[in-house]
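# Understanding the architecture of this molecule
Read off the chains here:
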Protein chains: 2
Amino acid sequence: MTQTTSVARLSINAIRMLALDAVEQARSGHPGMPMGMAPAAYVLWTEFLKHNPLDPTWPARDRFVLSAGHGSMLLYALLHLSGYDLPMEELRRFRQWGSKTPGHPEYGHTPGVEVTTGPLGQGIATAVGMAIAERKLVAEFGEIAAHHTYVIASDGDLMEGVSAEASSLAGHLGLGKLIVLYDDNGVSIDGSTALAFTEDPLRRYEAYGWHVVPEVDGEDLAAVRSALQEAQADPRPSLIAVRSIIGYGSPLAGQPKAHSDAMGPEKVAATRETLGWPYPPFEVPEEVYADFRRVRERGQELQAAWQAQFESFAQAHPEKAAEFHRRMSQRLPEGLEAHLPRFAPGERMATRAASGKVLERLVPLLPELVGGSADLTPSNNTRTPDMQDFTRDNPAGRYIRYGVREHAMGAIMNGMALSKALRPYGGTFLVFSDYMRPAIRLAALMGTPTIFVFTHDSIAVGEDGPTHQPVEQLMSLRAIPNLWVIRPADAGETAVAWRVALERTAGPTALVLTRQPVPVLEGVRPDGVARGGYVIADAEGARAVVVATGSEVALALEAQGLLHKEGIPVRVVSLPCWEAFEAQTQAYREAVLPPGLPVLAVEAGVPLGWERYATRVVGLDRFGASAPFADVYAKLGFTKERVAAEVRAMLGV
Amino acid sequence: MTQTTSVARLSINAIRMLALDAVEQARSGHPGMPMGMAPAAYVLWTEFLKHNPLDPTWPARDRFVLSAGHGSMLLYALLHLSGYDLPMEELRRFRQWGSKTPGHPEYGHTPGVEVTTGPLGQGIATAVGMAIAERKLVAEFGEIAAHHTYVIASDGDLMEGVSAEASSLAGHLGLGKLIVLYDDNGVSIDGSTALAFTEDPLRRYEAYGWHVVPEVDGEDLAAVRSALQEAQADPRPSLIAVRSIIGYGSPLAGQPKAHSDAMGPEKVAATRETLGWPYPPFEVPEEVYADFRRVRERGQELQAAWQAQFESFAQAHPEKAAEFHRRMSQRLPEGLEAHLPRFAPGERMATRAASGKVLERLVPLLPELVGGSADLTPSNNTRTPDMQDFTRDNPAGRYIRYGVREHAMGAIMNGMALSKALRPYGGTFLVFSDYMRPAIRLAALMGTPTIFVFTHDSIAVGEDGPTHQPVEQLMSLRAIPNLWVIRPADAGETAVAWRVALERTAGPTALVLTRQPVPVLEGVRPDGVARGGYVIADAEGARAVVVATGSEVALALEAQGLLHKEGIPVRVVSLPCWEAFEAQTQAYREAVLPPGLPVLAVEAGVPLGWERYATRVVGLDRFGASAPFADVYAKLGFTKERVAAEVRAMLGV
């Protein structure tokens, strides 16, 4: 650290020792990365990052994403020293029950944490979404929305496919304000990166259209500074390769063993020696706090200047300013429901087509909606005629061509949703929800209101066959906590499903839609849909209930008709959203599904899970098959006759 | 097609017209890719591919993978014309119920189809596994196992993250016999690839360490030929960029609309005109069959030569030849069970550690076992002391360092399993099974006996927190048809789980293992484990059953003890594998879970699905939290007191 002042050195060592001591105290964690990247992070946080520790919600703050989330102590140390509301007491309780310093950074849990990271590749991909959001919001609101997005990423982040997908798209879109510090420390859990990672990642990023700064000495603050300046000046997204030394200062420096776990008292003591750090654990000398004070001061000045800028903007464009406030508070415009389309019973319309019709109404009303598809636009019905593509040259566009990159789409949508001012939705086939599950999970964990549009929702996909026919996906999505899964029965339920998804701000929603046409039904009740389940067709003296979702509701109604002729009255219940239904009172739920009555469930997916509601299930415990949809559907048992027969068998008649 | 002979032109047009007419007949499918890639595929299949249409199981055949599986008619046309058992009648029934020509190629369904493709990126990643298997088997058995692996991949394949991961690893390992024809047609479903894919993929592949042949005119047979020759000669994996014209010969040539759907009679007629094709649909002139006859003749000659080579090999190395036969027939050596380790009740051992101990015994006995981990080797306990790494320079090694590439690991393992002679297993954390779900699904769909080792199987992961604590993964995996999920309760059950997984050849198995130590239990019954569920501890006059899996079985046993003291006898059932249990007779199942008794299920995961067996569930309908594992476990309700209380509540006492 030749060019490092003594104060800088002290501050950097404070970060290192906080990380080392916290991991030691917890006897758990990852000291190596924070110790290696402390100098680069110090330069970034004290000289470049535009943020105000006293207001972590300032809309124009730069975003910092620790994609290598296992190095969480780096972030916690920086947050603490910079003056965020993260007292030393919380650092002492690193990785303990109820602390603000969990093992990996958690959005919504710790002030200043912008995104939940840890699952590798997600952070950098989410950051691409943040950078897209910034470009989009600047196009809409001007410089008041401008910020950079900075990422610290590891070898592991760069090995994951999701980062490859997202980085390719970032290059395509020319996201110049995205700057990634790549912790090029040559070490992964298994050992040297030479074991599995001998590609040339810098050349790869150049192939994506990125600006690359190679071989920056991670101990040389001036080199880091100049790389960051170069990155800011370049119109392309930037990858700065920081040659760091994992576990710097410790006896394990440069070794894979420095990556994780407490080093033990001897090695910690030796590190104190090497770094010349005389302070006991969790004690930071006043010079360090004084050094970081400028971060807070600079942040307050910057936000004050921005506030003045915003006020001029508000004077010049009062409506835009009001709109900005509305968007940041995630309030929908009033009276949205009145604008939803109505559908006439008797028509036949795929729910994906109905979804497209609903979007035609919503898109002009809700400028926060940003659509997209993973190269299935004509199939997902996600692009309305008055949408323009969001491109490098048209950042005001509202439709993102994600390419065949489902996983990146999920993470990027999460990144946009984190802006609060955008409400992203994106489409693919339901079966390919599997490709993006880690991003769906993170949306659920963070509580971001990402909207996943999954069309082609069952074996009724038909000719494309089992690789394209979801069977287990629907129930697998229902298994994710805090994800709402809505499978509307018809066009009318689809309109309500969109409203429910938009009104939900506490977590993501998956809309599960048919490829094939289904009848527009009588008996759809918007309030019932919003409650997750309701009686769509009752029968006097019902002896059983048939409960179904999506396309199988029409089938249940047909079976009801057959049984009616035989003098067997049955009630039909539509259950489009389990999560909403389960949030209702017991009284409501029992009014819909009376405890005394036997229940047959009908859904073109695995039966697993339906036992919660049903005595008997018409489902599918196998993969589908390639044939025209009506053939597949009927051959695999989805006929009104079968449903009626199962009801009779259930009743023993 | 300047340098094309009239016969070649005729054969190529036959492929094109079969594709176009089959899609037309089915009114469904993807004509564009087969029409564009017909010339390149023709050169590959007639001049390069070492295969014998009369014996699609010849072990040393070259593998052909249509990664762009939507172009299935290209493959079906080639199989038919080459003389595989795929009569014209089957081509006429393209995409119909029960035909041998489903929408996407399905392994095990159509002779000559090497791998199920359609979900983009999977084919190329699986092919990397096939190429690894070849190197490994050549290292073991010599040239009798040698073959090339050829792939046709699309823009979409190259956009998917899984292909990026696998391709990076292929470059790292120097898999020179892997040759990818990249259909560089500039078109995807949404439109021009310029919409989303403007990176330089060739440069990217160079960065991976691949040999790249740019800008090969897809209509120029000589250029394709010379590119393939160059690729064969180069020691690196090769990517040949074939500039093809999607929908060549049709009025939609070069347009996105050529990608999918029947073109309609007018355009089909116009194509006949343009290509000078006077024949009715599904009629192929004898000259074409004659042209392809050389494929069959060459194939028979090649296989006969190989057979002679194999016989010399068998004479020189009779034991190796016998071993080769054993391996190809997927038979395990006799008496494996006797070699499994025994564990003494009273010990405490994580099931991941027990798994490591089991592997220490199995690895020397089963040379077909190829291990690996996605950079979590020390955590997954997947590498035994006598394993060497499989590397570029040591292809005899048996352990693969996949790097942080879970998804590629899954697909690569599937590719190795398809060789039949290798039994791959690979480890990651259970929560990251989400990253590889599409590959797990394909293993289940194909019926390949891939073994997924998922450690760190619940909130008991502890300090790493909710991003690393699986909650919904276990049940989500159970939802996949034909995947066996085994969650052993202790070390003894873990040994049986490995045996069950190895004996299973009809599909994949997921082993779900603890991070934390659990007691070695009394009462473990190997036959019961193999049957999926059994009474691990009964009680005279049991009033209830507590059913549990994995680490929660010990908890159930402790609760049983508590309740016993209160005079409430309960039975404890261990249910490590639902799929095996559900394959038992009703009598067996009811002997374990008697219909009259109330059942409490205990599992540290989502309750969804447990209603199949249980009246009441101690589960987790939320994400976990970061804290030492004992704290998380207890705070989230996994205590013997809670379990006992729930039993009492269930019994109303």
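All of these numbers come straight from a predicted model, not from anything done at the bench.

### Here's the deal with the pairing of strand β2 (residues 149-154) of chain A
Residues and elements named next belong to chain A. For β2, a buried count of 6 out of 6 residues is recorded, marking the element as mostly surrounded by other parts of the structure. By the alternation rule, side chains of β2 split into Thr-149, Val-151 and Ala-153 and Tyr-150, Ile-152 and Ser-154, which are all buried. Direction of pairing for strand β1 (residues 63-66) relative to β2: parallel, over a ladder of 4 bridges. By the bridge assignment, Leu-66 is partnered in β2 with Ile-152. Bridge count for β2 against strand β3 (residues 178-183) is 6 bridges, and the pairing is parallel. Bridging across to β3, Ser-154 finds its partner in Asp-183.

### Points about the interface of chain B and chain A
Every contact between the two is made by 95 residues of chain B and, on the other side, 95 residues of chain A. Between chain B and chain A lies a buried interface of about 8,000 Å² when both sides are counted; carbon and sulfur atoms form 58% of it. On the surface where chain B and chain A come into contact, there are 12 salt bridges. The interface formed by chain B and chain A contains 50 residue pairs in polar contact (both at pLDDT 80 or more). Each residue belonging to the side of chain B that touches chain A can be placed in one class, and the counts come to 43 nonpolar, 25 polar and 27 charged.

### A few points about the packing of helix α2 (residues 32-48) of chain B against helix α3 (residues 72-82) of chain B
Residues and elements named next belong to chain B. Remark: α2 packs on α3, axes separated minimally by 9 Å, with the N-to-C direction vectors making an angle of 40°. For the element pair α2 / α3, the angle class is oblique. Judged by the twist between their axes, the crossing of α2 over α3 is right-handed. Together, Met-33, Pro-34, Met-37, Ala-38, Ala-41 and Trp-45 of α2 and Met-73, Leu-74, Leu-75, Leu-78, Leu-79 and Ser-82 of α3 make up the contact between the two elements.

### Some words on the packing of helix α5 (residues 122-141) of chain A against helix α16 (residues 406-417) of chain A
All names here are of chain A. The N-to-C vectors of α5 and α16 enclose an angle of 55°; their axes lie 6 Å apart at closest approach. Considered as vectors, α5 and α16 are oriented oblique to each other. Of the two elements, α5 crosses α16, and the hand of that crossing is right-handed. For the pair α5 and α16, contact is made by Gln-122, Ala-125, Thr-126, Val-128, Gly-129, Met-130, Ile-132 and Ala-133 and by His-407, Ala-411, Ile-412, Asn-414, Gly-415 and Met-416, respectively. Here the contact of α5 with α16 is composed, by residue class, of 8 nonpolar, 6 polar and no charged.

### What to know about the UniProt feature "binding site: substrate" (unreviewed entry) in chain A
According to UniProt, the feature "binding site: substrate" (unreviewed entry) maps to His30(A), His259(A), Arg352(A), Ser379(A), His456(A), Asp464(A), His468(A) and Arg515(A) in the numbering used here. The greatest C-alpha distance among the residues just named is 47.9 Å, and with 486 residues of sequence between them they are spread in space as well. Of note, His30(A) is situated in the loop between α1 (6-26) and α2 (32-48). On the basis of relative accessible area, His30(A) is assigned to the buried category, the value being 10%. Setting aside residues up to four positions removed in sequence, His30(A) forms contacts with Val23(A), His70(A), Gly71(A), Arg95(A), His259(A), Ser260(A) and Asp464(B). Residue position: Arg352(A) is located in helix α14 (residues 351-365).

### Comments concerning the sheet that holds strand β11 (residues 423-429) of chain B
Residue and element names in this part refer to chain B. Spatial ordering of the open sheet is given by β10-β9-β11-β12-β14-β13, a layout of 6 strands whose pairing is parallel. Two strands in the sheet have a free side with no partner beyond their single neighbour: β10 (399-401) and β13 (484-486). Averaged over all neighbouring strand pairs, the angle between strand axes comes to 20°, with direction disregarded. Note that β13 and strand β14 (residues 509-512) share 3 bridges and pair parallel. Of the residues in β14, the one forming a bridge with Trp-484 is Thr-509.

### Structural notes on α16(A)
Residues and elements named next belong to chain A. The first and last C-alpha atoms of α16 sit 16 Å apart over 12 residues, in line with the 16 Å expected at 1.5 Å per residue. α16 sits mainly inside the fold: 12 of its 12 residues count as buried. Of the residues making up α16, those classed as buried are Glu-406, His-407, Ala-408, Met-409, Gly-410, Ala-411, Ile-412, Met-413, Asn-414, Gly-415, Met-416 and Ala-417.

### Focus: the packing of aromatic side chains
Residue and element names in this part refer to chain A. The tally for this structure, following the rule as stated, stands at 44 aromatic pairs over all chains. With a centroid separation of 5.8 Å and 50° between ring planes, the pair formed by Phe-310 and Phe-313 is classed as tilted. With Phe-310 and Phe-313 both in helix α11 (residues 286-316) and 3 residues apart, this pair spans about one turn of that helix. Aromatic rings pair up to connect Trp-58, Phe-141, Trp-306, Phe-310, Phe-313 and Phe-324 into one cluster. In this structure, Arg-531 is placed above the aromatic ring of Tyr-588, and the distance from its NZ or CZ to the ring centre is 4.3 Å.

### Some points on helix α1 (residues 6-26) of chain B
Residues and elements named next belong to chain B. With 21 residues, α1 ought to run about 30 Å at 1.5 Å a step, and its terminal C-alpha atoms sit 30 Å apart, in line with that. Among the 21 residues of α1, 17 are classified as buried, and the element is accordingly described as predominantly covered. Trailing α1 by a residue or two, Arg-27 shows a phi angle of about 50°, which is positive.

Cut-offs used in this document
Residues numbered from 1 in each chain as written. Chains lettered and ligands numbered in written order. Predicted model: local features only at pLDDT ≥ 70, side-chain atom pairs only at ≥ 80, totals over all residues. Heavy atoms only, no water. Buried < 20%, exposed > 50% of the residue type's maximum accessible area, 1.4 Å probe, protein only. Helix = DSSP H or I, 4+ residues; strand = E, 2+ residues; numbered from the N terminus. Pairing = 2+ DSSP bridges. Contact = heavy atoms within 4.5 Å. Buried area = accessible area lost by both parts, 1.4 Å probe. Salt bridge = Lys/Arg side-chain N within 4 Å of Asp/Glu carboxyl O. Polar contact = N/O pair within 3.5 Å; in protein donor to acceptor, adjacent residues only side chain to side chain. Nonpolar A, V, L, I, M, F, W, Y, C, P; charged D, E, K, R; others polar. Axes fitted to C-alpha atoms, helices over the stretch in contact; angles between N-to-C directions. Parallel < 35°, antiparallel > 145°, perpendicular 65-115°, else oblique. Left-handed = near helix turned anticlockwise from the far one by under 90°. UniProt positions renumbered as here; feature names shortened; annotations may be inferred. Expected span 1.5 Å × (residues − 1). Phe/Tyr/Trp six-rings, centres within 6.5 Å; stacked < 30°, edge-to-face > 60°. Lys NZ or Arg CZ within 6 Å of the ring centre and 35° of its normal.

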